[in-house]
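Each chain is listed here by its residues.
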Amino acid sequence: MNPMVEFCISNLANGAQETLEALEKDPNIDVLEYGCLSYCTTCASNFYAVVNGDIVEADTPGELTEKIYAYIEENPLW
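Each value, and the rule that gives it
- Residues numbered from 1 in each chain as written.
- Predicted model: local features only at pLDDT ≥ 70, side-chain atom pairs only at ≥ 80, totals over all residues.
- Heavy atoms only, no water.
- Pairing = 2+ DSSP bridges.
- Helix = DSSP H or I, 4+ residues; strand = E, 2+ residues; numbered from the N terminus.
- Axes fitted to C-alpha atoms, helices over the stretch in contact; angles between N-to-C directions.
- Contact = heavy atoms within 4.5 Å.
- Core = buried A, V, L, I, M, F, W, Y, C linked by side-chain atoms within 4.5 Å.
- Buried < 20%, exposed > 50% of the residue type's maximum accessible area, 1.4 Å probe, protein only.
- Polar contact = N/O pair within 3.5 Å; in protein donor to acceptor, adjacent residues only side chain to side chain.

Q: Describe in detail the sheet that holds strand E1 (residues 4–8), supporting the description with residues and values.
A: An order of E2-E1-E3-E4 is seen for the four strands of this open sheet, with the pairing classed as mixed. Each of the sheet's edge strands pairs with one partner strand only, and the pair in question is strand E2 (30–34) and strand E4 (54–58). For this sheet, the mean angle separating the axes of adjacent strands, direction not counted, is 30 degrees. Contacting E1, strand E3 (47–51) and E4, helix H3 (residues 61–74) crosses the sheet at an angle of about 145 degrees to E4.

Below you can see the structure in the form of structure tokens.
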């Protein structure tokens, strides 16, 4: 079972697309896009993704990618 990373399409349009593209290259991560994840306040102020049900936030797309990988490493699924 791969970790699940979910993105809001609005956050992708604001710049998180870079993170999505990096994660899509990793066959060990499942990436999904949604029209809205209902975290509008977070979406308006930061780059973010929902990783296995938890929000991961960052100030830049590069930092978001790093934080997602760190979260996955610190919180294995098994």
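Q: Can you tell me about the nonpolar core, naming the residues and giving the values?
A: Residues Val5, Phe7, Val51, Leu64 and Ile68 are the most contacted members of the largest nonpolar core, which totals 16 residues. Among the secondary structure elements, those contributing two or more residues to this core are E1, helix H1 (9–24), E3, E4 and H3. In contact with Val5, other than residues within four places in its own chain, are Leu23, Ile29, Asp30, Val31, Leu32, Ala49, Val50, Val51, Ile68 and Ile72. Counting residues in each nonpolar core, the second largest holds five residues, with Cys8, Leu37, Cys43 and Tyr48 among its members.

Q: An account of the pairing of E4 is requested, with residue identities and associated values reported.
A: Pairing of E3 with E4 involves five bridges; the strand directions are antiparallel. Its bridge partner lying in E4, Tyr48 is registered against Glu57.

Q: Could you give me a rundown of the side chain of Glu6, with the residues and numbers involved?
A: Note on placement: Glu6 falls in strand E1. A distance of 3.4 Å separates the side chain of Glu6 from the side chain of Tyr34, its partner in a polar contact. Glu6 has contacts with Leu32, Tyr34, Leu37, Ala49 and Val50, leaving out every residue within four places of it along the chain.

Q: Which residues make up unusual backbone geometry, and what values go with them?
A: With phi around 65 degrees, Ser38 is a residue other than glycine that occupies positive phi space. Turning to its location among the elements, Ser38 is positioned in the loop between E2 and helix H2 (40–45). Non-glycine residue Asn52 carries a positive phi angle of around 50 degrees. By relative accessible area, Asn52 is classed as partly exposed at 27%.

Without other data, these values stay purely geometric and don't point to any function.
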